[in-house]
Amino acid sequence: MTSTMKRRALLQWLGTGCPLFLAGCIGAPDGPSAPTNDGDRSTTPDSEGSPTGGHEPSATGEETPSPALPTVTGATVQTVGSGCRSDESPTASVTFPDEETVDFSGRLTAPTPCHRVTIEAVTYDEQPRQVAVALGTESGSGACAECQGVLRFDGTVTVTGGPPSRARIVHEGQVLAAVEGSD
C-alpha cells in the first residue's frame, strides 16, 4: 500500500468513522454533574440541587440563594382493576391535592385484561407549569381471558420546586385527560 493510499484511507476514516466515535465526547456536556469553565461560576450541583451552586450574585456582589428548578421527584401508578371491555371508553381524571402533588385515576384499554398499567415517561414543563404523564401497558403472566381488556388505574406524580397548574395524561397518543388546576 502506498503512502498516498494510506493517507486517503486515514482521511476517509477521519471523515466518516471518527465523528461517530467522538459523538458525545465533544460539545456541551449533558447531565447535572458535568463541570464547565464559565468564569468563576461552577455548574457542579451542591446539596441544594441548583446548577449554579445554589447562589447567584446580587447587585451588591453578595451571593443570594437562587430558587430551585421544578423537578419531578416521584411518579407511581398501579392497576386497581381489570376486566373485559364493554362500552367503557378510555378516560382519566386529575386532582391537585397540594402544591407538589398531582393525583390521577382512570381507565384505558389493553390487549387483554391480564396487562398492567405502567408509566412510560413523566415530564414537567416549567412554562406552562404542566406535568405530562405517558402511560403504557405491560403483559402479565398466566392464563388470561381472550378479550380486549380495560384496566383501571390510580397514580401520583410529585413535583418539587414549583407547583404544577396543568396536567396531561396520555396513553398510546390518546389524551385521557388535560386539565388545569387552580393557581
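See the structure above.
Residues numbered from 1 in each chain as written. Predicted model: local features only at pLDDT ≥ 70, side-chain atom pairs only at ≥ 80, totals over all residues. Heavy atoms only, no water.

Provide a residue-level description of the state of the cysteines, including the pertinent values.
One pass over the full model with this rule turns up two disulfides. Residue pairing for Cys 84: its cysteine sulfur links by disulfide to Cys 147, the two sulfurs lying 1.9 Å apart. Between Cys 84 and Cys 147 the sulfur-sulfur dihedral comes to about -80°; the bridge is accordingly left-handed. With a gap of 63 residues between them, Cys 84 in strand E3 (residues 71–84) and Cys 147 in the loop between strand E7 (130–139) and strand E8 (149–160) connect regions that are remote in the sequence. Through a disulfide, Cys 114 is tied to Cys 144; the S-S separation comes to 2.0 Å. The sign of the S-S torsion, about 105°, decides the handedness of the disulfide formed by Cys 114 and Cys 144: right-handed. On the criterion of sequence distance, the pair formed by Cys 114 in the loop between strand E5 (101–110) and strand E6 (115–125) and Cys 144 in the loop between E7 and E8 is long-range, its members being 30 residues apart. Residue Cys 114 is classed as partly exposed on the basis of its relative accessible area, which comes to 27%. Residue Cys 144 is classed as partly exposed on the basis of its relative accessible area of 25%. Here the bonded cysteines of the protein are numbered in sequence order, and their pairing is 1-4, 2-3. (Disulfide = S-S within 2.5 Å. Helix = DSSP H or I, 4+ residues; strand = E, 2+ residues; numbered from the N terminus. Buried < 20%, exposed > 50% of the residue type's maximum accessible area, 1.4 Å probe, protein only.)

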